[in-house]
Amino acid sequence: QLPFPYNYIDIDADDAQPVHFQMSTAQEVEESLYKLIPELQGVQLLIRPSSSADIFNSITGERRSSNPSWHIYLVVSHATAFNINNLTEYIKRRSHRDDVNLAYIKQSKSGANLERFYCDLAVADASRLIVEATPILEAPLQKEYTPSVLTNGGVLNLSKIDFID
């Protein structure tokens, strides 16, 4: 068992992502996660924009990014290294399904083709230290407020997921 019974899903906005990856609202993020991981339906999720989301230059109107990145927190049970690894592989497989379509190939600066996914799979094991702080901005930078959303639900029991997909 991992020491902390939570999991973290990180969705980083990237201009190279396909348009259908770019979620503007917490509700769009929630719907996309249910498509990717149907077992999340009925699980309580805290969906919040990253601390750098919605920063803009008040003089030019230029935005830090065209779409926000998102952080999603959920409580899990049976979070063994084996189950977390299975969940990561399950997400990879589901991402490639035609009815999910949340994986893509991005070309690196060196020309290599890199497999990318809708969510950052490197954070799935909950070993990353997460600091959610409001940025301190100097003029002319400002930040619009985007509310977090807490869904109704319970705990994700990793031992109940059929990882064969």
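This structure is a prediction, so every number in the text was calculated from the model and none was measured. (Residues numbered from 1 in each chain as written. Predicted model: local features only at pLDDT ≥ 70, side-chain atom pairs only at ≥ 80, totals over all residues. Heavy atoms only, no water.)

1. A closer look at empty space enclosed by the protein
Taken as a whole, this structure holds 2 cavities of 30 Å³ or more when the rule is applied. Lining the largest cavity are 14 residues, with N7, Y8, I9, L87 and I91 positioned closest to its centre. Of all the elements in the fold, those that place two or more residues in the lining of the largest cavity are β1 (6-11) and α2 (81-96). Among the elements that take part in the lining of the largest cavity, β1 stands out by supplying 3 residues, more than any other. Of the residues that constitute the lining of the largest cavity, the class distribution is 12 nonpolar, 1 polar and 1 charged. Taken as a whole, the second largest cavity encloses approximately 40 Å³ of empty space. Contributing to the lining of the second largest cavity are I11, D12, A13, Q17, F21, Q22, M23, N67, P68 and W70. Of the residues belonging to the lining of the second largest cavity, the class tally is 6 nonpolar, 3 polar and 1 charged. (1 Å grid on protein atoms, 1.4 Å probe; cavity = no way out; pocket = protein on both sides within 12 Å on 5 of 7 lines; lining within 4 Å. Points joined across faces, edges and corners; volume = space filled by probe spheres on them. Helix = DSSP H or I, 4+ residues; strand = E, 2+ residues; numbered from the N terminus. Nonpolar A, V, L, I, M, F, W, Y, C, P; charged D, E, K, R; others polar.)

2. A look at the pairing of strand β5 (residues 103-107)
Sheet analysis places β5 next to strand β6 (residues 113-117), joined by 5 bridges and oriented antiparallel. Note on β6: the bridge partner recorded for A103 is F117. (Pairing = 2+ DSSP bridges.)

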